[in-house]
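What follows is each chain in one-letter form.
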Amino acid sequence: MNEAPLRLGGPETQGRLPVMEQNPVSAGKPDWNKYAVWRDRQKLIDPLKDPLTDVIILKAGTGTGKTRFGTQIALEALGSTSKIWVTENLRRATKASATTIAEDMGVTYGKEVGATNRYEHDATKDTRLLFSPVQSLLIRLERDPNLEGINMVAMDEVHKESKANEMCMIALRDLQKKRKTAGKPLKLMFISATLDQDKITRSFPQAKISLVDIPGENIEVPPAFEKTPLPSYVQLPVKAAEKAALSLSQDKGNILVFMSGKKEIDDAMTTFGLQAKARGLDLNNVDVIPYYGTLPPEEQKRLFNDNNKRKVVFCTNAAQESLTLDTHVVIDTTVHKHMELDPVTGRQYLKQEPAPMSHLLQRKGRVGRIPLTEEQKSQGYEYKYYALCTENEWKNRPAQESAEMQRTDLIHDTLLMYADGYDPYRFDYINKPEDSHIKMAVDRLAKLGAIEGGKLTEKGMFMASLSLKPNLSSMVHASVQYSCTRQASALAAILEEYPMAFAEGNDKLNQFKNPQSDLLGFLGLFNHFHTLDKGQQRQWTKDVGLQYQKMKDASDLFGQLLRQVQEMNPQVNLKTEPSIGSLDRAIYHGFADSLLTRRFDDKYELEDIPGEITLGNESSLRGRKDKRMVTFGLRSLVKGDKISSRIATLNHSIPDAVWDEMHPKKPVSAPPKPVSPPVTNTPSSTTSPPAEPDPAPQETPPPKAPTIMQRFKSWVSNSWFGKLWKKIFP
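**As for the overall build of the protein**
Then step 1. When helices and strands are tallied, the protein shows 27 helices and 25 strands.
Then step 2. Buried positions account for 49% of the 730 residues belonging to the protein.
Then step 3. For the protein, contacts bridging at least 24 residues in sequence account for 71% of all contacts bridging at least 6.
Then step 4. Accessible area of the protein: about 37400 Å², with a carbon and sulfur share of 52%.

**Let's talk about the packing of aromatic side chains**
The geometry of two aromatic rings is summed up by the distance between their centres and the angle between their planes.
Then step 1. According to the stated counting rule, one finds 17 aromatic pairs in the structure shown.
Then step 2. With centroids separated by 5.5 Å and ring planes inclined at 65 degrees, the aromatic side chains of Phe-225 and Trp-394 adopt a geometry described as edge-to-face. Pair noted here: Phe-225 is in the loop between β9 (223-224) and α8 (236-250) and Trp-394 is in helix α14 (residues 391-395), with a separation of 169 residues, a long-range link.
Then step 3. Taking relative accessible area as the criterion, Phe-225 reaches 25% and is therefore assigned partly exposed.
Then step 4. Of the residues examined, Trp-394 reaches a relative accessible area of 10% and is grouped as buried.
Then step 5. Pairwise contacts between aromatic rings join Trp-32, Tyr-35, Trp-38 and Phe-69 into one cluster.
Then step 6. Across from the ring centre of Trp-38, 4.4 Å away, lies the NZ or CZ of Arg-41, which sits over that ring.

**Quick word on the packing of helix α17 (residues 458-465) against helix α18 (residues 470-481)**
Then step 1. Axis separation between α17 and α18 bottoms out at 9 Å; the angle between their running directions is 120 degrees. Remark: the crossing between α17 and α18 carries right-handed chirality. Residues Lys-459, Phe-462 and Met-463 of α17 touch α18, and the partners they reach there are Pro-470, Ser-473, Ser-474, Val-476 and His-477.
Then step 2. In terms of residue class, the contact of α17 with α18 is built from four nonpolar, three polar and one charged.

**Some thoughts on the sheet that holds strand β23 (residues 634-639)**
Then step 1. Read from one edge of the open sheet, seven strands run β23-β24-β21-β20-β19-β22-β25, paired in mixed fashion. What marks the edges here is a single partner per strand, and that holds for β23 and β25 (651-653). Taken pair by pair, the neighbouring strands of this sheet meet at an average axis angle of 40 degrees, ignoring direction.
Then step 2. Summarising the sheet, strand β22 (residues 628-631) and β25 pair through three bridges and their orientation is antiparallel. Opposite Val-630, over in β25, you have His-652 as the bridge partner.

Conventions and cut-offs
- Residues numbered from 1 in each chain as written.
- Predicted model: local features only at pLDDT ≥ 70, side-chain atom pairs only at ≥ 80, totals over all residues.
- Heavy atoms only, no water.
- Helix = DSSP H or I, 4+ residues; strand = E, 2+ residues; numbered from the N terminus.
- Buried < 20%, exposed > 50% of the residue type's maximum accessible area, 1.4 Å probe, protein only.
- Contact = heavy atoms within 4.5 Å.
- Areas by Shrake-Rupley, 256 points an atom, 1.4 Å probe, with all protein chains shown as cover.
- Phe/Tyr/Trp six-rings, centres within 6.5 Å; stacked < 30°, edge-to-face > 60°.
- Lys NZ or Arg CZ within 6 Å of the ring centre and 35° of its normal.
- Axes fitted to C-alpha atoms, helices over the stretch in contact; angles between N-to-C directions.
- Left-handed = near helix turned anticlockwise from the far one by under 90°.
- Nonpolar A, V, L, I, M, F, W, Y, C, P; charged D, E, K, R; others polar.
- Pairing = 2+ DSSP bridges.

Shown next as C-alpha cells:
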C-alpha cells in the first residue's frame, strides 16, 4: 500500500515529527497499529484529498479508532491551514476525545486541538480541530450560517438518529450546496459503526459520496442466552445482579453490566451486594461502580483508577459509545429506555423496551477488542457476553432504533423551523414525522402565542432566540411585561438544566420546598446556591446530594439569559423588585398550554384534552385541591405496552386573582325590552302606563336532602314489587 506521509502545519508542531511519521512505541505510547483505522488510513486519505468528494461515510467497527484517528488523518490530509469541526452526542465525549488527540499530536489541549460547549470554550482562533456537542454547532450555524473558516464537519456516532443530529445534517446539507456554488467547498464526514448508509445516501442526492468501510476486528464472542424469557422488566435488576455475582465468582477480569436507567442501576447494585455476601465473595478487592449520563465527573474518574482492583460496572447506554475500559465480561439486560410521544397529551415520556440490534452489537463490542495474551489464557481469562433474553427474542430485534423525529415531542423543533422560514408540514426531513405529531406542536405553540395564522409572532421570534424549552422561553418573554425578568430567568435556568434536582438531592432540600408551588421551590434552591461563594457551592451541593456542575450550568445559563434579554430590550430594568403576583402571571403565560383544572380530589384534566391526570406524590400541591394549576412535568406511566396513567409532577398553583385577570368575565347584556303592541286610532286607546320593573331574580335555594322515609318510598316505587303494584292498582 502506497502511504504518503502527511504533515501537520500548526505553529505548535513546528520542529516535531508529523503524526504519521512518529514511532508510537518508542515514544512510550500504545502501538497504534492495533487500530484498524490507523492501519488502513489510505482508504480514508484518498477521498479526503479528492476535491470532487463531498461526503465521506466512515463505517468502522467498534474498537477500530474511528474517532481518534479518523479526525487526525482528516486534519493532515486536508492541509496545514485546514480547520475541522467534530460533533459528539455527549458533552463529556468532546473533551475526552480532544484531550486524547492533543496528547497524540503532542500539542496543548485548548490550542491546536480544543473543545467547546454552551458554557465552556477551550479553544482559540488558531484551533484547527474543534470538538463540540451537536447543539453547539447548531447554535454556531444560527450566528454564522456559512461556517466561515471551517473546511470540514465530522459528525460522530450518527447512527443515533437524534433530533439534533437530524437537524444538523439537514443544515449542513443545505450549507454544502450553498458553499459549493460559491466556490468554497465544505466536506462532510459521518462516522459510526452501525449507521444506515443508504439513508444518508438518499439524504444527499446531489453529493458525491465515498464509503470507507473498515470492519471491526473484534474476536467473535458468541452470546450466552437465557433458556426462558423473563416475565417482566421488573425482574431484570435482580437477574443482572445475580448473573454479575456468579460471573465474579467464575470468570476473570472486569465486568460491564448494561442496565436501562439509573433506578435500575441502584436496584441492581443493592442486590449485587447481597448476592456477593451470600456467595461469600470478598469485595475488598473489587470496585463496584455506577456509570450513567448524569454521573458527576469526579465519580466517573473512579472507572480509570489504576488500583489493581477488579471492576464491576453497572452502566446505561452511555457506555455504548463513550466508555473505553479493559473489559472481559459483558452482561446485557438487552433493554433500554427512550422517549416516546403520548398521542393524547402531545408530551414525551420515557419508555422501557427491548433494545434494537444496533445497540446490542455496540454493547457486545465492548469485549473481544484485543486478543488475549498467552499469559491471560493460562490464567483462565475468557471473553464472555451474557444476553438476558432468549435466542428467539434476540433474533426478532429491529435493526435500528426509530428516529427521534418520528417518536418525540416536536414543539421546540417546530418553533425553530418557523423562525427559519420553513413550513413544518412541508419541511424536507430525513425522517418525516406524522402530520398529527406536527399538529400537536403547532397547537401548543399557538396557545403560547408563538404563532398565529401559520406565522411566527414577535413573541415567537423572541422565544426562538433563547436556547430554552418553549414553555420557559415563553415565561421569560412574559416576565419583561411584568417586571420580574431576573426571577423568571433564574427559574427558567434551573428548570432547563436541572429539573431533577429535588429527585436527586437528599432530605436537606426539603427546606426549599414551597407548599403552593413546586416551581418556586426550584427558585429558592437556585437563589440559595447564588448566595454562596465558589468553595461553599461545591461543598454545599455535595452535602445536599446535588451535582455541582449542573448547578453551575444553571448559573451560567442564568447570566446568559439576562444578557440576551437586555440585548433585545435595553429598557429592561433587571434590578426592579417584582410586585406581588408578577411571577405568577409570567408563569401562567409560560405554561398557557399546560393548564390543569381540578375535577375531584387530586384528579385534574389538561385543557381541551380528555383524560384524567393525577398529581404525583412528589408534588407539594398534592392534597391541597387547588382549582387550577400549570404543570411543567407531565409524565405518562406504562403498564405492558399501553399508557396506564398520567402524572403531573412539577406544578404551580394559579391564584384566583391571576386567573380572573387573565380571563375577565364578559359583561352580561341587558334583556331586550318588550315590544309594545301597535297603537290603534280609536277613541278608547290610551297611552299604556310604564311597565312595572321585573322583580329581582331570587336565588334558588339548594334542594334539601331527602328524608329516610322519602328514600324508602322511592326505592319501593322503583322496585319490581312497586312496579307490579302500580299495574294492578293504577
